[in-house]
Number of protein chains: 2
Amino acid sequence: MVARGQARPTLRDVAERAGVSVSTASLVFSGKGPVAEATGERVRAAAAELGFTGPNPLASSLRQGRAGAVGVLVEGRLRMAFRDPFAVAVLDGLAEELERVPTGMLLLGQPTDDVESVVPQLAGLALDAVVFSLCGPGDHPAVDHLAARGIPMFSTGVPSDRRVTQVRIDERGSIREISRYVRDLGHRRVAQVAMPLGPMGEPGPIREELVTDANAQIPSVGRVLGFRDVFGADAPVIQTGDGSSVEGGIIAGRALLDVPERQRPTAIVAQSDVIAAGVVIAAEELGLRVPDDLSVTGFDGVDLPWLPHRLTTMDQQGRERGRIVGRLVRRRLDGTRPRNVVAPATLREGTTTARPR
Amino acid sequence: MVARGQARPTLRDVAERAGVSVSTASLVFSGKGPVAEATGERVRAAAAELGFTGPNPLASSLRQGRAGAVGVLVEGRLRMAFRDPFAVAVLDGLAEELERVPTGMLLLGQPTDDVESVVPQLAGLALDAVVFSLCGPGDHPAVDHLAARGIPMFSTGVPSDRRVTQVRIDERGSIREISRYVRDLGHRRVAQVAMPLGPMGEPGPIREELVTDANAQIPSVGRVLGFRDVFGADAPVIQTGDGSSVEGGIIAGRALLDVPERQRPTAIVAQSDVIAAGVVIAAEELGLRVPDDLSVTGFDGVDLPWLPHRLTTMDQQGRERGRIVGRLVRRRLDGTRPRNVVAPATLREGTTTARPR
DNA sequence: GATTCGACTCGAATCGTTTCGATAGGATGC
DNA sequence: GCATCCTATCGAAACGATTCGAGTCGAATC
């Protein structure tokens, strides 16, 4: 957008050169309205001569009231966020759908130490919709601002807010399904590794007061509830400090497994695949074999080419989820009022689970 | 941007309600020009009452000629692109700098099967600059279009074009350094696994005709040249089919290692850390121990928490690279004409290299 | 008490499109 | 031959802000 040498040609320049009015020239580029073949040719020729690359997107957007961009909100540093292949898969599917509109994806990270800073940032951005992609549970400071601007919001679970259209799975039911699978294999001493339940992710014990039915739609909470539906209200659950990450899984795995054998769980149900991978790594570090000495289940169904196992997991089909969100966004731009969607998740058996010895 | 119920209030509504002119109201929000304390208060109050969330970014951008967004071009599907932690680190650093402007990052993927489709997409987007983030070597179809629009372009190596400001390392020198390290350990049978040298990534042998001094600034080519500076022009090099990925490394690793011992290299120099990780995985699959039976080096210096080794690698400091690009972009927006930058890369010894047996 | 100076406010022009309603002119129907 | 209907084109009014030069008014200066 920076002038190089001289000002960029505008539609007016093109029109003048082609000997037509500005409105006719506009018609040529937008393709709406009838234009004589010869006129169109003349305008295009003039454009080519002047180096006019098409109508100024800013002006066009202003006039049409469409920004041509969808915001994608990511909590914390981008680097952390993109470690989670599930989130990336969702983004991928989203991009796939948005490419066809055409609409760009505007990425917005927010420093963990200054969560509010995203609001002024947002205020300066023209967006047709916002997708919360990798945000932790709890209220999100941007929701009020966006609601006030009338910008439609979408998410795959969090923040959990009436004003945000959700595309989620049955969290509680899904984890219940995989938990039952583990129980039916014969496991009785089973622990869960959760993603952080609250906004402030502290590794270690979870804050039990957050585990309420009212919070059941928050993925991390719903997954604790479903797990305990099967293994009882006292079944041990610890959380990672940094969301869904291999390191978090390793740390949690060590904490659960580096104990006398009698206390050691025979199976660990992780809330995500990468966490599960971390648990597997921690187990092997400690000389335990998976699945002989320890069964591990994941959640998400992502590809982990570096893991020499195929995780038993709930397949959430991240890319398809992203596509669904993308389609909702597109329809919303066309004026359809979107409704929440419940996506499917299916159990996928892998090589990380077996009967206990 | 969709009206909810009724039209959103504009600056004019606010001004009217506060009993001031539009220009004064504008001054209040932009903070430029002197405004009496009382007036400012009145305007802000009116804004609050009307639910005015700030000047329309589109209109503001149009007037000021700044889009408030930087495009980030990614080749192929996002999911593939984000598998490379180095690229993500660069993006992370970039975001860090851009957050302060304020400028958003507009992500643009491009389907591999229709590379040209990015141009019309770009044409509809208002951008202050474009960063090529994860693109393969070769000409990029967007360069001409962006140059015509006068939009400044930046990259960390590719596409290699005079019109693109580059922030790169001394590719050839860096890989030479790590190759010497391997040679000095005593290795003589050494192979390299390269990222694709040409636009069409075919796994397997490289196209030797691309390995020319003229292409030395293309990372994948420069890294072949530097490697051969040390191990000779005949030193074997094969490339992955999909850029920098663990799978690519595994496949290449198998191809190089699943041969009679006498032909097997004692060390493999990979062009990226994730490729190196794949090679390590392939080696261990075949029962080889790293580093005892095989030394492996990476390139990039990224964190691979799931790999039970610390790679010997060239640390490129991706995040800092991204920050440098971000600073260049910012200065460019301020009017400074940027110049190419050569960033440092340093050898980091890990646990994946040793003397040959 | 006239002059000068700031601080504050305002009107109008502008950014580059799109779109609506009007108009001209040729083809068609009767 | 006149009313009717297209088709192609145009002028002007938005879209919602920013910015520049000009104007007002009270206080300070001499």
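Residues numbered from 1 in each chain as written. Chains lettered and ligands numbered in written order. Predicted model: local features only at pLDDT ≥ 70, side-chain atom pairs only at ≥ 80, totals over all residues. Heavy atoms only, no water.

Enquirer: Before we go on, may I ask you to explain the overall build of chain A in this structure?
Expert: Secondary structure assignment for chain A yields 13 helices and 13 strands. In terms of its C-alpha atoms, chain A occupies a principal-axis envelope of roughly 90 × 40 × 40 Å. Buried residues in chain A amount to 57% of all 357 residues. Looking at chain A alone, contacts between residues at least 24 apart form 72% of all its contacts between residues at least 6 apart. With an accessible surface of roughly 15,100 Å², chain A has 49% of that area assigned to carbon and sulfur atoms. Taken together, the 43 basic and 43 acidic charged side chains of chain A have centroids lying 4 Å from each other. (Helix = DSSP H or I, 4+ residues; strand = E, 2+ residues; numbered from the N terminus. Buried < 20%, exposed > 50% of the residue type's maximum accessible area, 1.4 Å probe, protein only. Contact = heavy atoms within 4.5 Å. Areas by Shrake-Rupley, 256 points an atom, 1.4 Å probe, with all protein chains shown as cover. Lys, Arg positive; Asp, Glu negative; His and termini not counted. Charge placed at Lys NZ, Arg CZ, Asp CG, Glu CD.)

Enquirer: Can you walk me through the packing of helix α2 (residues 22-30) of chain B against helix α3 (residues 37-50) of chain B in this structure?
Expert: Geometrically, a packed helix pair is captured by the angle between its two axes and the distance between the axes. All names here are of chain B. Following both chains from N to C, one finds α2 and α3 inclined at 90°, their axes separated by 10 Å at the closest point. As the angle between them shows, α2 and α3 are arranged roughly perpendicular. On α3, the residues touching T24, A25, V28 and F29 of α2 are T39, G40, V43, R44 and A47. Looking at the contact of α2 with α3 residue by residue, the class counts come to 5 nonpolar, 3 polar and 1 charged. (Axes fitted to C-alpha atoms, helices over the stretch in contact; angles between N-to-C directions. Parallel < 35°, antiparallel > 145°, perpendicular 65-115°, else oblique. Nonpolar A, V, L, I, M, F, W, Y, C, P; charged D, E, K, R; others polar.)

Enquirer: When you look at the protein's contact with DNA strand D in this model, what are you seeing that I'm missing?
Expert: Around DNA strand D, 26 residues are found, and the nearest of them are T39 of chain A together with L11, S26, N56 and R63 of chain B. Taking all atoms of DNA strand D within 4 Å of the protein, the share assigned to sugar and phosphate is 66%. Between DNA strand D and K32 of chain B, the relevant distance is 3.2 Å, taken from a phosphate oxygen to a side-chain nitrogen or oxygen of the residue. Mapped by element, the contributors of at least two residues to the surface near DNA strand D are α2 (22-30) and α4 (57-64) of chain A together with α2 and α4 (57-64) of chain B. At 5 residues, α4 of chain B tops the list of elements feeding residues into the surface near DNA strand D. (Near = heavy atom within 4 Å. Polar contact = N/O pair within 3.5 Å; in protein donor to acceptor, adjacent residues only side chain to side chain.)

Enquirer: In this structure, what is going on with the protein's contact with DNA strand C? I would like to understand it.
Expert: Around DNA strand C lies a shell of 24 residues, among which L11, S26 and R63 of chain A together with T24 and T39 of chain B are the nearest. Take the atoms of DNA strand C that sit within 4 Å of the protein: sugar and phosphate atoms are 67% of them. A distance of 2.5 Å separates a phosphate oxygen of DNA strand C from a polar atom in the side chain of S26 of chain A. At a separation of 3.0 Å, a base oxygen of DNA strand C approaches a polar side-chain atom of R63 of chain B. Elements with a contribution of two residues or more to the surface near DNA strand C: α2 and α4 of chain A together with α2 and α4 of chain B. When residues in the surface near DNA strand C are grouped by element, the largest group, 4 residues, is from α4 of chain A. Taken together, the residues that form the surface near DNA strand C break down as 10 nonpolar, 11 polar and 3 charged.

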